[in-house]
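Tertiary structure, described
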Amino acid sequence: MLQLIEFPADDLDRARRFWEGVLDRTFDERGEGEGQGLQTRSQGVEVGLHERGRGPGDRRSLPYFEVPDLAEAAKRVVELGGELIHPGERWAICRDSEGSPFGLAQRRSD
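Described below are features of the structure shown in this document. (Residues numbered from 1 in each chain as written. Predicted model: local features only at pLDDT ≥ 70, side-chain atom pairs only at ≥ 80, totals over all residues. Heavy atoms only, no water.)

**Digging into the pattern of salt bridges**
With the rule as written, the count across this model stands at seven salt bridges. Residue R107 pairs with E66 through a salt bridge whose shortest N-O separation is 3.8 Å. With a gap of 41 residues between them, R107 in the segment after β8 (101-106) and E66 in strand β5 (residues 62-67) connect regions that are remote in the sequence. Since its relative accessible area comes to 44%, R107 is described here as partly exposed. When the shortest N-O distance is used, the salt bridge between R76 and E72 registers 3.9 Å. Highlighted residues: R76 and E72, both in helix α2 (residues 70-79), separated by four residues, approximately one helical turn. (Salt bridge = Lys/Arg side-chain N within 4 Å of Asp/Glu carboxyl O. Helix = DSSP H or I, 4+ residues; strand = E, 2+ residues; numbered from the N terminus. Buried < 20%, exposed > 50% of the residue type's maximum accessible area, 1.4 Å probe, protein only.)

**Some remarks on the pairing of β5**
Pairing between strand β1 (residues 2-9) and β5: four bridges, direction antiparallel. When the sheet's bridge partners are listed, L2 is paired in β5 with F65. (Pairing = 2+ DSSP bridges.)

Written out as structure tokens, the structure is:
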């Protein structure tokens, strides 16, 4: 299940105005443990914005897929020919077998 789509931005305010206008959704500052930038708060797939950097998710949009067990999913990524770029406890950045970047997010316990 798709949990989050992350977009890098050269100008965070400009990107916020653009995406709020396109999606008719409000972006809020991220809280502790959520990383830096802005994010929507709604049911369904969330959208995040952060300042552009040098990492794989910092140059292109990056989908995050929710998984029940992050460690197990990261292990399968490698076993299936992908690459674990940035491991973490709540999310991980990966590349698939063809080099496309994506993220894995630990399923939230509600």
